[in-house]
Amino acid sequence: MKQEIYEKSIDPATRTMLQKAEEEGIDTAWERYEKQLPQCSFGQLGVCCRNCNMGPCRIDPFGEEADRGICGATADIIVARNLLRSIAAGAAAHSDHARDAVLAFKKMSEGEAVSYRIKDTAKLLSLASEYGISCEGESLEEVATRLADILLLEFGKQEGPILCTRRAPEIRLKLWAELGIEPRGIDREIVECMHRTHMGVDNNAVHILLQGLRTGLSDGWGGSMIATDIQDILFGTPQPRRSTVNLGVLSMDKVNVIVHGHEPVLSEMIVEAAEDPELLELAQEKGAAGINVAGICCTGNETLMRHGTPIAGNFLQQELAVITGAVEAMVVDVQCVMPSLGELTGCYHTKFISTSPKADFPNTLRMEFHEDRAYETAKEIIRTAVENFPNRVPEKVAIPEAKQECIVGFSVEAILNALGGSPDPLIEAIKSGAVRGIGAVVGCNNIKVKHNDSHVNLVRELIKNNVLVVTTGCNAIACAEAGLLLPEASELAGEGLKAVCKALGVPPVLHMGSCVDISRILVLSSALANRLGVDISDLPAAGAAPEWMSEKAVSIGAYVVSSGVFTVLGTVPAVLGSQAVTSLLTEGLNDVIGASFAVESDPFKAADLMLKHIDGKRKALGLTSER
Amino acid sequence: MKDIVIRPERCLGCRSCEIACAVAHSESKNLFSAIGEKPAPKKRINLEYVPDLEISLPITCRHCEDAPCVSVCPTKALCQDETTSTVSYTPERCVNCWTCSTVCPRFISLYQMILVMGCWTSSMVSNRGIISRQIKAGIKCDLCEGRDQPACVEACPTHALTLFEREED
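Residues numbered from 1 in each chain as written. Chains lettered and ligands numbered in written order. Predicted model: local features only at pLDDT ≥ 70, side-chain atom pairs only at ≥ 80, totals over all residues. Heavy atoms only, no water.

### Here's the deal with the overall build of chain B
Right, on to step 1. From N to C terminus, chain B includes seven helices and six strands.
Right, on to step 2. Relative to all contacts within chain B whose residues are 6 or more apart in sequence, the contacts with residues 24 or more apart total 62%.
Right, on to step 3. Element-wise, carbon and sulfur atoms account for 52% of the exposed surface of chain B, whose accessible area totals about 8,700 Å². (Helix = DSSP H or I, 4+ residues; strand = E, 2+ residues; numbered from the N terminus. Contact = heavy atoms within 4.5 Å. Areas by Shrake-Rupley, 256 points an atom, 1.4 Å probe, with all protein chains shown as cover.)

Listed below in structure tokens is the structure:
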């Protein structure tokens, strides 16, 4: 069942590179996916348990064979436990990323990481006051140290509360407390997930899922939010700026360095080192016209948001960037980096450089990164890339033409700024019906979905219906590639939204950052809810992850829904093997937490579900229907 | 004619064939919808564990129209319904002569393996058991009419099930 290239992606640059890969006989994720088909049904349904060595056990979904595992666990228990482990892994990924950001911040404040400095003093001071740190008579560095110490405690705390959760509306906090799902400490919740899913511990599906919600909250209103805050202080809070995206941003005559992964701690330094006169001179010596840094995935989003560094692509384009034959160095840190890059870079001159002490891959050049000599390492990495430039094989180089302008950098601060300092104009627009509601569309690429197709079609459908879209992660890159992150894209929007975008000079789709920056969406929704005096679950807002694939997305789903936002998933989570878990997630949660999930792979139908939800919430708030 | 051949040495016991078979014989032909259908879709292939050989293998009787097993059975332990062509098995008449398994196109490779390994009792019991069970449920393997490949063959990750062209005698 071979897919044609046009069936694999909607993006012209991607198709061009898939064609090149085919001609060169190179396999990508698409070919590897075909070799996995048909995929294991037990796995797809979530009814396989490998948590103890009496197993593996699996449940027959058609009820003819085993209906429980050796220990007696039913499909409900197995599915719930597997889901909880996914949430734990996702929350761990986000929160461990946050921990490293805080550790770098602390080292900076203590003078041990001289490459870094405080870029956003206002945000430092506002966070300090939020955390009850008095700044009087103290230097910024001293304040920073104290803030870092308090934030580090959030990870090891035993009895909560995680302080960022206080940003949620009062009424939501009360609900969490009543349900007993207020997170107590970031690390504690993750550890407890692993404990509960060990053989013979938590064996009640509902009880297990409540821990899932609590762990999700420790990510969204904990780890992720801390990561966003600290990165803003260290590297600057994003402000609107122009940039360019897609594989066409790679340069024929410059040294191309790709930063891929998720943590900006290193990529910030790489961006800086790429402007180092010494290295620029070296590049010239090697026959290059300069040094071009481009991003992939969320490392890319972080540098895009703060520096306008171009983005070469989203998750499924990582291999294609190498296949251009024009990448001197693929520099990776953590998360969403395909191990296939090892073998693939071996087919070209590309150096595959792994930098995180936590993450190595096959066939890498190891250049481990530590904060105390951050800039030096970044310079070494750039130097390696520059010295690799003469090894480019001209016959193997083909860079697709497609690239697209975009406007990015919509932090909450930037959005409020665009609105004139208060959320009121947006609230008025929502009340009047000009803006029907807000759609938060986020998430990965997934090989099971035609690349970018669901992302772009869902977002287009929403703006057409006057829903203002906020986006992060790989959805944001997909929207950028489709030209939706431009003020001109408001031509595709409904009349009401178009007028609002024109008045404010903003695109109808606002790029809010990387996947940890979904915390920005939480802060924004909390601000809107507070201003209206309602809960987040009362807002005419809905979320979607049309092409999600990672465990981080599972954690995100858990905290977004626990925060009160109805969320449509575009790919089927591995829970359908349990009727109880499925109906809890898609219906039951509504009564518990005021929001639930829906699964819909058709982006147009998904948009309909979101619109229906938004209209229901508008009606409940007594807002007139838009016309 | 084409038929499924079992290569027991490749079977990992994952039961992918069973689920694929049930889904292929469901209303919706879609895993996620099929699991909710009433009545539940029935599989025509069964993973059996053969203790003597310490292997698992998928067994399925196709109830062939020309049922070679029936024609060679000396005691009429196997017989075929003239209208539905389903094969049935009467254990009381069976004398364990194994002639049937030497002519069954699906079972032949397993039979050869059993000969080599020198232990055969329980495996044959499995095979006949399947015949009886399928009769009781009123279902039989139809080689997934209308598909290029039977669903079980497509689903098997190790190619323990393959579709073979069988030479006519």
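Now that the structure has been shown, we can carry on.
### Topic: the pattern of salt bridges
Right, on to step 1. Applying the stated criterion across every chain yields a total of 52 salt bridges over all chains.
Right, on to step 2. Close ionic contact of R306 of chain A with E302 of chain A constitutes a salt bridge, the shortest N to O distance being 2.8 Å. Note that R306 of chain A and E302 of chain A are positioned in helix α13 (residues 297-307) at a spacing of four residues, about one turn of the helix. Across this residue pair, the class does not change: R306 of chain A and E302 of chain A are buried.
Right, on to step 3. Residues R147 of chain B and E154 of chain B are paired through a salt bridge, measuring 2.8 Å at the closest nitrogen-oxygen approach.
Right, on to step 4. One continuous salt-bridge network, built from bridges that share partners, spans K123, E130, R167, D229, D232, E302, R306, E413, D517 and R520 of chain A. (Salt bridge = Lys/Arg side-chain N within 4 Å of Asp/Glu carboxyl O. Buried < 20%, exposed > 50% of the residue type's maximum accessible area, 1.4 Å probe, protein only.)

### Here's the deal with the sheet that holds strand β14 (residues 541-545) of chain A
Within a sheet, each strand pairs with its neighbour through backbone hydrogen bonds, oriented either parallel or antiparallel.
Residues and elements named next belong to chain A.
Right, on to step 1. Here we have six strands laid out as an open sheet, ordered β13-β12-β11-β14-β15-β16, and parallel in their pairing. If you trace the sheet from one side to the other, it starts and ends with β13 (509-513) and β16 (597-599), each paired once. When the angles between neighbouring strand axes are averaged without regard to direction, this sheet yields 25 degrees.
Right, on to step 2. Bridge count for β14 against strand β15 (residues 567-569) is three bridges, and the pairing is parallel. Bridge pairing in β15 links A544 to V568. (Pairing = 2+ DSSP bridges. Axes fitted to C-alpha atoms, helices over the stretch in contact; angles between N-to-C directions.)

### Observations regarding the packing of helix α10 (residues 205-235) of chain A against helix α23 (residues 551-562) of chain A
All names here are of chain A.
Right, on to step 1. Between α10 and α23, the shortest axis-to-axis distance is 7 Å and the interhelical angle comes to 90 degrees. On the basis of the axis angle, α10 is roughly perpendicular to α23. Mapping the contact onto sequence places G212, L213, G216, L217, D219, G220 and S224 in α10 and S555, A558, Y559 and S562 in α23.
Right, on to step 2. The residue makeup of the contact of α10 with α23, split by class, is four nonpolar, six polar and one charged. (Parallel < 35°, antiparallel > 145°, perpendicular 65-115°, else oblique. Nonpolar A, V, L, I, M, F, W, Y, C, P; charged D, E, K, R; others polar.)

### Thoughts on the domain arrangement of chain A
Residues and elements named next belong to chain A.
Right, on to step 1. Its domain assignment divides chain A into domain 1 (28-68), domain 2 (75-235), domain 3 (247-396) and domain 4 (407-620).
Right, on to step 2. For domain 2 and domain 4, the distance between their C-alpha centroids amounts to 23 Å.
Right, on to step 3. Contact with domain 2, which involves 39 residues of that partner, is made by 38 residues of domain 4.
Right, on to step 4. Between domain 2 and domain 4 the total buried area reaches about 2,900 Å² when both faces are included, carbon and sulfur atoms providing 68% of it.
Right, on to step 5. Considering only the side of domain 2, the residues that lose the most area to domain 4 are H94, R172 and L213, jointly responsible for 20% of the buried surface there.
Right, on to step 6. The interface formed by domain 2 and domain 4 contains three salt bridges.
Right, on to step 7. Linking domain 2 with domain 4 are 14 residue pairs in polar contact (both at pLDDT 80 or more). (Domains from an automatic or database assignment. Buried area = accessible area lost by both parts, 1.4 Å probe. Polar contact = N/O pair within 3.5 Å; in protein donor to acceptor, adjacent residues only side chain to side chain.)

### Things to note about the interface of chain A and chain B
Right, on to step 1. Of the residues lining the interface, 13 residues belong to chain A; the matching set on chain B comes to 19 residues.
Right, on to step 2. Both faces considered, chain A and chain B share a buried interface measuring about 1,500 Å² in area, 67% of it formed by carbon and sulfur atoms.
Right, on to step 3. With a closest N to O distance of 2.3 Å, E65 of chain A and K43 of chain B form a salt bridge.
Right, on to step 4. Taken together, the links from chain A to chain B amount to three residue pairs in polar contact (both at pLDDT 80 or more).
Right, on to step 5. Of the residues forming the side of chain A that touches chain B, the biggest block, four residues, is contributed by helix α4 (residues 41-45) of chain A.
Right, on to step 6. In terms of residue class, the side of chain A that touches chain B is built from seven nonpolar, three polar and three charged.

### What to know about unusual backbone geometry
Right, on to step 1. P38 of chain A follows L37 of chain A through a cis peptide bond whose omega is -10 degrees.
Right, on to step 2. Within the secondary structure layout, P38 of chain A lies in the loop between α3 (29-36) and α4.
Right, on to step 3. Look at the link from G160 of chain A to P161 of chain A: it is a cis peptide, with omega at -10 degrees.
Right, on to step 4. Inspection of the secondary structure assignment puts P161 of chain A in the loop between α7 (140-156) and α8 (170-179).
Right, on to step 5. Located in the positive-phi region is H159 of chain B, a residue other than glycine, with phi close to 60 degrees.
Right, on to step 6. With respect to the secondary-structure elements, H159 of chain B resides in the loop between α7 (151-155) and β6 (161-165).

### Some points on the pairing of strand β1 (residues 2-6) of chain B
Residue and element names in this part refer to chain B.
Right, on to step 1. Counting buried positions over the five residues of β1 gives four, a clear majority of the element.
Right, on to step 2. The pairing of β1 with β6 spans five bridges and is antiparallel. Bridging across to β6, K2 finds its partner in E165.

### Notes on helix α19 (residues 453-464) of chain A
Residues and elements named next belong to chain A.
Right, on to step 1. End to end, α19 covers 16 Å across 12 residues, agreeing with the expected 16 Å (1.5 Å per residue, within 8%).
Right, on to step 2. Summarising burial for α19: 10 of the 12 residues are buried, a large majority.
Right, on to step 3. Those residues of α19 that sit buried are D453, S454, H455, V456, N457, L458, V459, E461, L462 and I463.
Right, on to step 4. The positive-phi residue at the C-terminal boundary of α19 is N466, with phi of around 65 degrees. (Expected span 1.5 Å × (residues − 1).)

### Structural notes on a negative patch on the surface
Right, on to step 1. Taken together, E4, E7, E22 and E23 of chain A make up a surface patch of like negative charges.
Right, on to step 2. Note on placement: E23 of chain A falls in helix α2 (residues 12-23). (Patch = residues over 30% accessible without salt bridge, like charges linked within 9 Å, V, L, I, M, F, W, Y side chains within 5 Å. Lys, Arg positive; Asp, Glu negative; His and termini not counted. Charge placed at Lys NZ, Arg CZ, Asp CG, Glu CD.)

### Brief notes about a nonpolar patch on the surface
Right, on to step 1. Taken together, M54, I70 and M199 of chain A make up a surface patch of nonpolar side chains, about 290 Å² in accessible area.
Right, on to step 2. Note on I70 of chain A: relative accessible area 54%, which makes it exposed.

### Considering the packing of aromatic side chains
When we look at a pair of aromatic rings, we describe it by the centre distance and by the angle of the planes.
All names here are of chain A.
Right, on to step 1. Under the defined criterion, the tally for this structure stands at three aromatic pairs over all chains.
Right, on to step 2. Between W176 and W221, the ring centres sit 5.8 Å apart and the planes meet at 65 degrees, which makes this aromatic pair edge-to-face. Of this pair, W176 sits in helix α8 while W221 sits in helix α10, and the two are 45 residues apart along the sequence.
Right, on to step 3. Note on W221: relative accessible area 0%, which makes it buried.
Right, on to step 4. Their ring planes at 40 degrees and their centres at 5.8 Å tell us that F352 and F361 sit as a pair that is tilted. No difference in accessibility class separates F352 from F361, as the two residues are buried.
Right, on to step 5. A cation over a ring is seen here: R58 above F42, with NZ or CZ 5.5 Å from the ring centre.
Right, on to step 6. Note that K396 overlies the ring of Y348, its terminal NZ or CZ placed 5.0 Å from the centroid. (Phe/Tyr/Trp six-rings, centres within 6.5 Å; stacked < 30°, edge-to-face > 60°. Lys NZ or Arg CZ within 6 Å of the ring centre and 35° of its normal.)

### Here we look at the nonpolar core
Soluble globular proteins tend to pack their nonpolar side chains together in the buried interior.
All names here are of chain A.
Right, on to step 1. The biggest cluster of nonpolar side chains holds 181 residues, and the ones touching the most others in it are F105, Y116, L147, I230, V257 and I270.
Right, on to step 2. Broken down by element, the residue count for this core peaks at 16 residues, all from helix α5 (residues 75-109).
Right, on to step 3. Within the second largest apolar cluster, 40 residues are counted, among which are L247, C297, V334 and F352. (Core = buried A, V, L, I, M, F, W, Y, C linked by side-chain atoms within 4.5 Å.)

### Focus on the packing of helix α6 (residues 121-130) of chain A against α7 of chain A
When two helices pack together, their arrangement is given by the angle between the helix axes and the distance between those axes.
Residue and element names in this part refer to chain A.
Right, on to step 1. Two elements in contact, α6 and α7, have axes separated by 10 Å at closest approach and are oriented at 50 degrees. When the axes of α6 and α7 are compared, the pair comes out oblique. Here α6 and α7 pass one another in a crossing that is left-handed. In this structure, α6 contributes T121, L124, L125, L127 and A128 to the contact, and α7 contributes L140, V143, A144 and L147.
Right, on to step 2. Along the lines of polarity and charge, the residues of the contact of α6 with α7 split into eight nonpolar, one polar and no charged. (Left-handed = near helix turned anticlockwise from the far one by under 90°.)

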